[in-house]
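As a plain string of letters, each chain reads:
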Amino acid sequence: TRLSLVIGSTPGNDSKLSEEKIAGYRNFTNKLWNISRFVLGSVRAGSPGPSEGGETPPIQPEAITLADKWILGRLSEVTSKVTAHLEAHELSAAGELLRDFTWNDFADWYLEIAKIQKSENTDSILLYVLSDLLKLWHPFMPFVTEVIWKEAGFSKNFLMIEEWPKAKTTHSPSLPVRSGEEFARIQEVIAMIRNLRAEYAVEPGKFVEVTLIDAKNAEMLETQVDVIKGLARVESLTIAASGDKPEGSVAATAGSVQVYLSLAGLVDVEKEKARLTKELEEVTGYIASLKAKLDNKEFAGKAPVQVVEKMRANLAEAEARLASIETQLATLQK
């Protein structure tokens, strides 16, 4: 309830408080709880946990991998911005930043990578990020963060009296300075492979064969093979600075990277062409009907503004879908 009242509200304006919004933040509270349980359980499974002798919160570990460097950089950036928002009494903006970092950056990306690149250093970073995250969330979620803090054993003190986290430098001589940009490129590649899988209805459980062509970033991509394969369910990954489109594959672009996903043994190409052709005809007809209505001056003049705007939005969405289908068909023809 506290989160629902604070996040999404602006000073001086009325705010609708619904059961759906409260349920959404209940789910987020569960998410933070589960993140914490996973981190503490993962660390303690391989070594003594922080509650077994830890008397001070974790200090910032060294970043070894690209993902380490990225998450510590993001934590520092978010800490700085959240602190600035709170000092300016912009509570909602601070909460939204924290929610996105917690759910997207930490849970969806770093925790998943930590399962792949498991090491003692990864454990140290997980504990460090979690301890600072609990401090940042404490003004918004005082009760659940205090319970997690006690269970984690980060300190003998109450979380309430711990020092507020400060943004820290994360430079490391063993890692490139542009690690944020490089990790963003890895995220783009993984997202594009996932999109191709979804577009061509590749079963979620099946592993795929992927080729990446990038003249500028081939060397960097090579260092992230295990991350790409693990997060995109790739069995065979080929990376090169140049090359042609492999036969029987579909293509997409992620920045400067050409992504090719082989459909051999995964998709019946002729059946997929027939499905896309049928969908193309349906979308084309839908677009024609929308345009006919919008071009009708009598309809446009009498219809409510909201109806016309919704119809234009539907048209734009349909045209985007048409372009996507045409691209998919063109790729299958090659």
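Residues numbered from 1 in each chain as written. Predicted model: local features only at pLDDT ≥ 70, side-chain atom pairs only at ≥ 80, totals over all residues. Heavy atoms only, no water.

Caption draft 1: Layout of the pairing of strand β1 (residues 208-213). For β1, a buried count of five out of six residues is recorded, marking the element as mostly surrounded by other parts of the structure. By the bridge criterion, six bridges tie β1 to strand β2 (residues 234-240) in an arrangement that is parallel. Its bridge partner lying in β2, leucine 212 is registered against isoleucine 239. Bridge count for β1 against strand β4 (residues 257-262) is four bridges, and the pairing is antiparallel. Looking at β4, one finds that isoleucine 213 is bridged to glutamine 258. (Buried < 20%, exposed > 50% of the residue type's maximum accessible area, 1.4 Å probe, protein only. Helix = DSSP H or I, 4+ residues; strand = E, 2+ residues; numbered from the N terminus. Pairing = 2+ DSSP bridges.)

Caption draft 2: Structural view of the pattern of salt bridges. Counted by the stated rule, this structure contains 14 salt bridges. One salt bridge connects aspartate 123 with lysine 118, and the closest N-O pair in it is separated by 2.6 Å. Looking at lysine 118, the relative accessible area reads 43%, which means it is partly exposed. Two residues, lysine 135 and aspartate 132, come together in a salt bridge whose shortest N-O distance is 4.0 Å. (Salt bridge = Lys/Arg side-chain N within 4 Å of Asp/Glu carboxyl O.)

Caption draft 3: Representation of helix α5 (residues 120-137). Taking 1.5 Å per residue as the helical rise, α5 with its 18 residues ought to reach 26 Å, and the 26 Å between its terminal C-alpha atoms agrees with that figure. With 16 of 18 residues buried, α5 lies mostly within the body of the structure. (Expected span 1.5 Å × (residues − 1).)

Caption draft 4: Spatial organisation of the environment of serine 124. As for its placement among the helices and strands, serine 124 is situated in helix α5. Assessed through its relative accessible area of 32%, serine 124 is described here as partly exposed. Along the primary structure serine 124 and glutamate 62 are separated by 62 residues, whereas in three dimensions their C-alpha atoms are 9.0 Å apart.

Caption draft 5: The packing of aromatic side chains, seen in detail. Counted by the stated rule, this structure contains six aromatic pairs. Ring centres of phenylalanine 28 and tryptophan 137 lie 5.1 Å apart, and the angle between their planes is 55°; this geometry places the pair in the tilted category. Within this pair, whereas phenylalanine 28 is found in helix α2 (residues 19-46), its partner tryptophan 137 is found in helix α5, the two being separated by 109 residues in sequence. Here phenylalanine 28 falls in the buried class, since its relative accessible area comes to 2%. Centre to centre, the rings of tryptophan 109 and phenylalanine 183 are 6.2 Å apart; their planes meet at 80°, and the pair counts as edge-to-face. Of this pair, tryptophan 109 sits in helix α4 (residues 91-116) while phenylalanine 183 sits in helix α7 (residues 179-199), and the two are 74 residues apart along the sequence. By the burial criterion, tryptophan 109 is buried, and phenylalanine 183 matches it. Three or more aromatic residues link up through ring pairs in this structure, and these residues are Phe28, Trp103, Trp137 and Phe140. We note arginine 194 situated over the ring of tryptophan 109; from NZ or CZ to the ring centre the distance is 5.6 Å. (Phe/Tyr/Trp six-rings, centres within 6.5 Å; stacked < 30°, edge-to-face > 60°. Lys NZ or Arg CZ within 6 Å of the ring centre and 35° of its normal.)

Caption draft 6: Here's a closer look at unusual backbone geometry. Located in the positive-phi region is alanine 201, a residue other than glycine, with phi close to 55°. Tracing the sequence through the fold places alanine 201 in the loop between α7 and β1. At arginine 233, a residue that is not glycine, the phi angle is positive and equals roughly 55°. Looking at the secondary structure, you find arginine 233 in the loop between α9 (225-232) and β2.

Caption draft 7: Structural view of the sheet that holds β4. Spatially, β2-β1-β4-β3 is the arrangement adopted by the four strands of the open sheet, whose pairing is mixed. Because the sheet does not close on itself, it has two edges, and the strands there are β2 and β3 (249-254). Mean inter-strand twist for the sheet, computed between neighbouring axes without regard to direction, equals 20°. Looking at chain direction, β3 and β4 are connected through six bridges and run antiparallel. When the sheet's bridge partners are listed, valine 250 is paired in β4 with leucine 261. Running at roughly 145° to β3, α7 makes contact with β1, β2, β3 and β4 of the sheet. (Axes fitted to C-alpha atoms, helices over the stretch in contact; angles between N-to-C directions. Contact = heavy atoms within 4.5 Å.)

Caption draft 8: Representation of the confidence of the model for the chain. Model confidence for the chain is summarised by a mean pLDDT of 87, while 92% of its residues fall at 70 or above. Element-level pLDDT for the chain is lowest in helix α11 (residues 297-302), with a mean of 81, against a maximum mean of 96 in α9. For the stretch residues 46-53, pLDDT sits under 50, and the model shows 11 contacts to residues farther than four places along the chain or on other chains. The low-confidence segment residues 171-177, where pLDDT is below 50, has 13 contacts with residues more than four positions distant or belonging to other chains. (pLDDT = per-residue confidence, 0-100.)

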